[in-house]
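Here are the chains, one letter per residue:
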Amino acid sequence: MNAEALQALTPILTLSGVIILLMLIVAFLRNHRLTLGLTLLGIAVTVWSTLNVSPLLETDPIAVTGLLVVSRESLLFYLLFLLSAAVVSILAFHSFEQGTAIQPEDSGEKRNKGDFHTRPTFQEEFYLLLLISLLGAIVLVSASHFATLFLGLELMGLALYALIAFPAIHANRNSRSKDQALEAGFKYLVLSALATAFLLFGIALIYAQYGQLQFAAINAAAAAGQGTPVLLAIGLVLLLIGIAFKLSLAPFHFWTPDVYQGAPTPATAYVATVSKGAVIAITLKLFSDIGAFEMRAPMQVFAVLAVTSMLAGNLLALQQENIKRLLAYSSIAHIGYLIVAFLVGRQEFGREAVIYYLVAYIVTTLGAFAVVSLTADYARRANTQSSPYRISFYKGMFWRSPWLATSFTMMLLSLAGIPLTIGFIGKFYIFAAGVQAGYWALLSAVILGSAIGLYYYLRIIVMMVQRPGAVVHDDASSGEVSPGEVSPSAKLTHEGVSIAISGQMVLAVLTVALLAFGIFPQILINWIQ
Amino acid sequence: MIQISIISILFAGGVLAWLSEQFRPDGSRWVSLASIVACLLLLMNFNGNVSAALSGTSVAAQAQWWELVSAEWIPRFGVNLILGLDGLSYLLILLTLLLGIAGVLASWKEIHDRVGFFHFNYLWTLAGIVGVFTALDLFLFFFFWEVMLIPMLFLIAIWGHGNRIYAAIKFFIFTQASSLLMLFAIVALVYFNYQNTGVVTFDYRQLLDHGLAPTTAFWLMLGFFIAFAVKLPAVPLHTWLPDAHTQAPTAGSIILAAILLKTGAYGLIRFMLPIFPEASAAFAPVAMAIGAISILYGAKLAFAQSDMKRLVAYSSVSHMGFVLLGIFALNTLAIQGAIMQMIAHGLSTAGLFALVGMIQERIHTREMDRMGGLWIKAPRMAAIALFFAVASLGLPGLGNFIAEFTVLLGAFPTNRLATVLAAIGLIGAAVYALIMMQKVFFGKTRDQQADEPQAFADVTPRESVPLLAMALLLVALGLLPKLVFNLSAPSAETIAQAAQSVLPSSRLADTGATPALRQWP
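Being a predicted model, the structure only gives us computed values, none of them experimental.

Points about the overall build of chain B
Step number 1: Along chain B, the regular secondary structure elements total 23 helices and 2 strands.
Step number 2: For 521 residues, the compact-globule formula gives about 24 Å, and the C-alpha radius of gyration of chain B, at 22 Å, lands near that figure.
Step number 3: The C-alpha extent of chain B, read off along each of the three principal axes, is 75 × 55 × 45 Å.
Step number 4: Expressed as a percentage of the 521 residues in chain B, the buried residues total 66%.
Step number 5: Considering only contacts in chain B between residues 6 or more positions apart, those separated by 24 or more positions represent 81%.
Step number 6: Accessible area of chain B: about 16,500 Å², with a carbon and sulfur share of 68%.

Considering the interface of chain A and chain B
Step number 1: Taken residue by residue, the interface counts 40 residues in chain A and 37 residues in chain B.
Step number 2: Regarding the contact of chain A and chain B, the summed buried area is about 3,600 Å², with carbon and sulfur atoms giving 82% of it.
Step number 3: Contact with chain B buries surface across chain A, with A:F428, A:L458 and A:R467 losing the most and accounting together for 18% of the total.
Step number 4: At the surface where chain A touches chain B, the tally comes to 1 salt bridge.
Step number 5: Scanning the region where chain A abuts chain B turns up 4 residue pairs in polar contact (both at pLDDT 80 or more).
Step number 6: Elements with a minimum of two residues in the side of chain A that touches chain B: α15 (348–382), α16 (397–400), α17 (402–416), α18 (422–437), α19 (440–465) and α21 (521–528) of chain A.
Step number 7: The class makeup of the residues in the side of chain A that touches chain B is 30 nonpolar, 6 polar and 4 charged.

So, the packing of aromatic side chains
Step number 1: Counting across every chain of the model gives 73 aromatic pairs over all chains.
Step number 2: Ring geometry for A:F398 against B:F117: centres 4.8 Å apart, planes inclined by 35°, an arrangement best described as tilted. You can see A:F398 sitting in helix α16 and its partner B:F117 sitting in helix α5 (residues 115–134), one on each of two chains.
Step number 3: We classify A:F398 as buried; its relative accessible area is 5%.
Step number 4: B:F117 sits in the buried class, given a relative accessible area of 3%.
Step number 5: Their ring planes at 50° and their centres at 5.7 Å tell us that A:F424 and B:F139 sit as a pair that is tilted. Residue A:F424 is located in helix α18, and its partner B:F139 is located in helix α6 (residues 138–147); the two belong to separate chains.
Step number 6: Grouped by ring-pair contacts, the aromatic residues A:F349, A:Y356, A:F424, A:F428, A:Y429, B:W73, B:F77, B:F139, B:F142, B:F143, B:F144 and B:F202 constitute a single cluster.
Step number 7: The residue whose ring lies beneath A:K324 is A:Y389, and the NZ or CZ to ring-centre distance is 4.7 Å.
Step number 8: The positively charged end of B:K231 is found above the aromatic ring belonging to B:W145, 3.7 Å away from the centroid.

Quick notes on the UniProt feature "domain: NADH:quinone oxidoreductase/Mrp antiporter transmembrane" (unreviewed entry) in chain B
Step number 1: The sites that carry the UniProt feature "domain: NADH:quinone oxidoreductase/Mrp antiporter transmembrane" (unreviewed entry) are, in the present numbering, residues 135–422 of chain B.
Step number 2: The span residues 135–422 of chain B shows a helical share of 81% and a strand share of 0%, and its end C-alpha atoms are spaced 32 Å apart.

Some words on the nonpolar core
Step number 1: Ranked by size, the top nonpolar core spans 413 residues in total, and within it A:F408, B:F225, B:F276 and B:F328 carry the most contacts.
Step number 2: At 23 residues, α15(A) tops the list of elements feeding residues into this core.
Step number 3: With near-sequence residues (within four places) excluded, A:F408 lies in contact with A:I323, A:A368, A:V371, A:V372, A:Y394, A:I460 and A:M464.

Description of the layout of surface pockets
Residue and element names in this part refer to chain A.
Step number 1: Approximately 990 Å³ is the volume found for the second largest pocket.
Step number 2: Lining the second largest pocket are 35 residues; nearest its centre among them are L76, L79, L80, L83 and W527.
Step number 3: Counting residues per element, the ones that place at least two in the lining of the second largest pocket are α3 (32–53), α4 (72–98), α15, α20 (501–519) and α21.
Step number 4: Looking at the lining of the second largest pocket element by element, the count peaks at 11 residues for α4.
Step number 5: For the lining of the second largest pocket, a count of residues per class yields 25 nonpolar, 6 polar and 4 charged.

Calculation notes
- Residues numbered from 1 in each chain as written.
- Chains lettered and ligands numbered in written order.
- Predicted model: local features only at pLDDT ≥ 70, side-chain atom pairs only at ≥ 80, totals over all residues.
- Heavy atoms only, no water.
- Helix = DSSP H or I, 4+ residues; strand = E, 2+ residues; numbered from the N terminus.
- Rg over C-alpha atoms; globule rule 2.2 N^0.38 Å.
- Buried < 20%, exposed > 50% of the residue type's maximum accessible area, 1.4 Å probe, protein only.
- Contact = heavy atoms within 4.5 Å.
- Areas by Shrake-Rupley, 256 points an atom, 1.4 Å probe, with all protein chains shown as cover.
- Buried area = accessible area lost by both parts, 1.4 Å probe.
- Salt bridge = Lys/Arg side-chain N within 4 Å of Asp/Glu carboxyl O.
- Polar contact = N/O pair within 3.5 Å; in protein donor to acceptor, adjacent residues only side chain to side chain.
- Nonpolar A, V, L, I, M, F, W, Y, C, P; charged D, E, K, R; others polar.
- Phe/Tyr/Trp six-rings, centres within 6.5 Å; stacked < 30°, edge-to-face > 60°.
- Lys NZ or Arg CZ within 6 Å of the ring centre and 35° of its normal.
- UniProt positions renumbered as here; feature names shortened; annotations may be inferred.
- Core = buried A, V, L, I, M, F, W, Y, C linked by side-chain atoms within 4.5 Å.
- 1 Å grid on protein atoms, 1.4 Å probe; cavity = no way out; pocket = protein on both sides within 12 Å on 5 of 7 lines; lining within 4 Å.
- Points joined across faces, edges and corners; volume = space filled by probe spheres on them.

See the structure below:
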């Protein structure tokens, strides 16, 4: 390993260092604010080192041993994931401060305020696990070898189980939240293990054929005509099933709504964005490295999964009343759209489309979950009775908190693919990629899915602009103002959903990014190219 | 640059109107009025072109585009900001702005709630519409096409009546789903054009010679047609319209009926016919049949309504059927008639919607069974209503008559059956318009109103001035149709020529003889 390779590895090394440091600090000094600060600082340093690596890669990707390859593309993903993790950790901070992270559902039960401060909440570990999972994601996207692929995937996944089940630590607290979180974590654990089994079996079959685990070597061996292509195809299909689990493509999506609902919202945001994004990124790389785009069987399996995901995701989202479940189904549909572009991944344009859509999806989904999470935090503070995760909670929000509602509207419009937003350009890319490849059937599924999708996104938007009636019943004894108690005589109350400054900044940044890349997509396209 | 200025003034005006609410309750209304007037003043810059066109200078002497702005936007996709303006766009922008003022005035007393946000949405809708009427890059066109939707959705969903949420969502899903088809068609068109020519471009002028295979062109044409037909609306796709129009606030109904529907017709004329002349010609018999059916079906349903606003809404379906019929007759005469119909229908429907709004404000119902005898209480309003009702039924001497007559004249050689059926629709129009007058303004005063203590106030100057102005315009169009015909002639001729060059020779013999209406009175 030469100096250049070592330097290319600095982001991973930095992040590992940050994790160890944070672990040591937490062991001696538990301080929530300090931990958040260090996490953000660590992410910032990693971002800085990532940017420093970038000039090295002007010409060629750098291979670090046979296991990792650092390319400009993977650096883009590093940055994307690092920034997403920063957003998630800020959201997590507020969730812990308000207690929503350890009690996602607090359905009106009387809660002794400050109760959760009397027991250790281990909230500092959340950030540690988050960073470990992030490290896994970063290793995963730079993998060039099945060993690193597996290592990265598992590192990411193992930390996730704990993140999802985090509320379960508080054994004798509100039992419903605990059960839900445990159920979510356990479901994710079991199904991920199953998916991993498929994945490993697929890898084993490929290894049995070529005796190689490195992507490039497998490609070379396959090109040289060794082994039977049929087994390679079967191996890839098995691998695909494992990937489909992680991406929650229908019909492997059953864990998604429960996990999304049961997990603390920041963890949900992380599962929906970084975890899925990293899997997409590595699949794209894997497929182009071992030439799987030329093989019919895996591509056909993928195409079928895309169609089922688009239709199932959108149709099932129609009936959801819980906003996290709704976003879960909508994310199933979105990954379905993305796969349409993925199928064209052999061409430069298709790759670009996948990456652009992924960025759009991550920015928008993070934004949507940020709104959900911050609103829930507020509801906890204001001690509202109705669940903040129900869509009806958002009724009339536009009049109470215009900025929050505007930003949420933007996120939803972007998910629906309406112009001025990044989501539109993403959808446009998918159309363009699909047309190039002549995938007419897939494109009609995209159109159909998007048309269905409009309904449930619009439902929320229209819910927000409805002239308020009494929506949220104030708990009179708490003496705090309710966000929604509006009498017809005083239509415009001034009590909006109040959000901490850092939360507002997160939303502002995401909204601005969403609009900027929606109106001037060329900026982002240049980065991707 | 004038197109860009107009669009930016409307966008900025919208933001200002929203903000100004905080300083003065009336502020946003005045800001909104001022920005539309400012745009109208900007439009005066084209007086030279207008007078040249009116004086009948030959087409060759004029450049096709009065003004053309072009700038790079997304080079990766060959997307540019191209905004052009010709006689057709000019007419439609003028209509948009004039009716925009009428809408602001109509909503002056109607909207009390969140006035600032109302005017924000209102101006942004107008900006989107002006953008649609000027964009020459298909991507940009689609962009504006969508930009006008969201604010319109809010206008209906927030300030609408009764069943507004249902109406708003239905409106949005219909238009958005169909425009996804159009987006798909646009992307496919660009890609095939790239395959044939090696250039990635969304520029409409370059896409004209795409050299597509006829079958492909036909499918892509259908994608465009469905999107435009939903907006128009043509009969099987019209069901969003009665709901949206009825539930929208008055200003919203005015924009919807008078202007938004015209974007569909404009799209057909500007984009679909020139880009897919062969496919459109092949599709013309079907489209003309749909047009004739829309005319009859719309008239029949209008007749069956007891809700006054719904009646006016269905009458729009009927009138826009003439536009469809005229456009697909594929000759200059009929296309000019269709353009005339777009403008005359805009004016007359806006007038009727404003009147319904006034009545609803006064007696809080739109049910015609509960009205009656209003002529005695409000003679001036009744007289104005009679004017717009007869305008809508096509009384000679008014713009609508010229329009419908010209369409029928142009369409007859192309498709006799459809034209004859469409002509029957004129009788239907007379029936529903007169029934409406009878139920609302004549007859006995209904008991329910007799109980009401407050007198039914006649129109105030704020209400009557825009209505009288629209009435005057309709008379002017009826007596001096060259105001429209001469301005629209270059566009109509170019399009008709393109379409006729691909027509089978037998039909050419029929239609080739129809003269352009340049030298009319």
